[in-house]
Amino acid sequence: MRTQEDLHDEDDDFDRPSKSQLKRESHVLQSLGEDLLTLPASRLEPLNLPEILLDALRMAKKITSHEGRRRQMQYIGKLMRRVDPEPIRQAVAAYKLGHAKDSLALHESEAWRERLLADDNALQSFIAEHAGIDVQQLRSLVRAARKDAANEPEKRSGRAFRELFQFIKTERLRVNPTAEGESAEDADEDEQA
């Protein structure tokens with residue numbers, strides 16, 4: 001006759017994960033597959049993913065039906081079980097960080113534009129921070145943007161605002177080339193695809 005102790009010893013033989021744990025892992029891999037869809041082709045190549053997974057990712061980008069996309073994502077999750085997810089997680093995280101840095105750089109450039117239009121002291125601060133800047137062009141752009149802002153809303157062209165923003169953005173990249181990093185190149189590749 002079996003004792004209670006024998007039953008506990010038999011239970012210890014189950015070293016495999018539970019069905020719930022397997023489902024959780026599968027959902028995590030499926031969401032990682034969804035994150036893979038956001039990566040441009042140039043970021044997928046270094047990951048050395050199996051061709052079948054790359055084909056499934058390409059197909060998922062083309063599917064517009066909700067149910068079809070859901071099934072395709074489940075298939076991608078299944079294929080993801082065969083690959084090491086850690087390099088993929090790192091690639092996705094690096095890509096998202098690059099986009100966050102791009103967004104921050106654009107917001108900072110926009111803030112500089114607002115400061116330059118509002119205050120003459122900001123002009124001196126910007127010139128001091130960006131050695132080698134074309135001061136005459138900057139002053140001309142600020143003057144044109146202020147003049148445009150003084151017009152009635154119907155008569156504003158907005159061109160001076162855009163040109164000033166582009167000038168500020170270019171100068172900030174010239175001084176700090178890592179502000180946008182690789183993700184700007186990836187964005188260009190996405191537009192071409």
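This text follows the structure it describes.
Given the structure is predicted, the values throughout are model-derived calculations rather than measurements.

Description of helix α4 (residues 51-62)
And step 1. Helix length check: α4 (twelve residues) gives 17 Å between terminal C-alpha atoms against 16 Å at 1.5 Å per residue, within 8%.
And step 2. Along α4, the positions that sit buried rather than exposed are Leu53, Leu54, Ala56, Leu57 and Ala60. Summarising the axial view, the buried residues of α4 lie within an arc of 160 degrees, below the 170-degree limit, and thus occupy one face.

Concerning the packing of helix α7 (residues 120-129) against helix α8 (residues 135-150)
And step 1. At a minimum axis separation of 11 Å, α7 and α8 run at an interaxial angle of 150 degrees. Between α7 and α8, the interaxial angle falls into the category roughly antiparallel. Crossing handedness for the pair α7 and α8: right-handed. Here Asp120, Leu123, Gln124, Phe126 and Ile127 of α7 come into contact with α8, specifically with Val135, Leu138, Arg139, Val142 and Arg146.
And step 2. For the contact of α7 with α8, a count of residues per class yields six nonpolar, one polar and three charged.

Quick notes on the pattern of salt bridges
And step 1. Taken as a whole and assessed by the stated rule, the structure comprises eight salt bridges.
And step 2. Arg58 serves as the salt-bridge partner of Asp55, at 2.6 Å between the closest nitrogen and oxygen. With Asp55 and Arg58 both in helix α4 and three residues apart, the pair spans about one turn of that helix.
And step 3. A relative accessible area of 40% places Asp55 in the partly exposed class.

Regarding the packing of aromatic side chains
And step 1. One pass over the structure, following the stated rule, counts one aromatic pair.
And step 2. On the numbers, 4.9 Å between centres and 70 degrees between planes, the contact of Trp112 with Phe126 is edge-to-face. Taken together, the residues Trp112 in helix α6 (residues 85-118) and Phe126 in helix α7 connect sequence positions 14 residues apart.
And step 3. Overall, the relative accessible area of 0% leaves Phe126 in the buried class.
And step 4. Between Arg115 and the ring centre of Trp112, over which it is positioned, the NZ or CZ distance is 4.0 Å.

Examining the environment of Glu108
And step 1. With respect to the secondary-structure elements, Glu108 resides in helix α6.
And step 2. Between the C-alpha atom of Glu108 and that of Ile168, which follows or precedes it by 60 residues, the distance is 9.5 Å.

What to know about unusual backbone geometry
And step 1. Unusually for a residue other than glycine, Asn48 sits at a positive phi of about 50 degrees.
And step 2. Mapped onto the fold, Asn48 is located in the loop between α3 (41-44) and α4.

Some points on the packing of α8 against helix α9 (residues 159-175)
And step 1. It is the contact of α8 with α9, at a shortest axis distance of 8 Å, that shows an interaxial angle of 150 degrees. If you check the angle between α8 and α9, you find them roughly antiparallel. Here α8 and α9 pass one another in a crossing that is left-handed. Contacts between α8 and α9 involve Gln137, Leu138, Leu141, Val142, Ala144, Ala145, Asp148 and Ala149 from the former and Arg159, Ala160, Phe161, Glu163, Leu164 and Phe167 from the latter.
And step 2. Class assignment for the residues of the contact of α8 with α9 results in ten nonpolar, one polar and three charged.

Calculation rules
Residues numbered from 1 in each chain as written. Predicted model: local features only at pLDDT ≥ 70, side-chain atom pairs only at ≥ 80, totals over all residues. Heavy atoms only, no water. Helix = DSSP H or I, 4+ residues; strand = E, 2+ residues; numbered from the N terminus. Expected span 1.5 Å × (residues − 1). Buried < 20%, exposed > 50% of the residue type's maximum accessible area, 1.4 Å probe, protein only. Arc of directions from axis to C-beta. Axes fitted to C-alpha atoms, helices over the stretch in contact; angles between N-to-C directions. Parallel < 35°, antiparallel > 145°, perpendicular 65-115°, else oblique. Left-handed = near helix turned anticlockwise from the far one by under 90°. Contact = heavy atoms within 4.5 Å. Nonpolar A, V, L, I, M, F, W, Y, C, P; charged D, E, K, R; others polar. Salt bridge = Lys/Arg side-chain N within 4 Å of Asp/Glu carboxyl O. Phe/Tyr/Trp six-rings, centres within 6.5 Å; stacked < 30°, edge-to-face > 60°. Lys NZ or Arg CZ within 6 Å of the ring centre and 35° of its normal.

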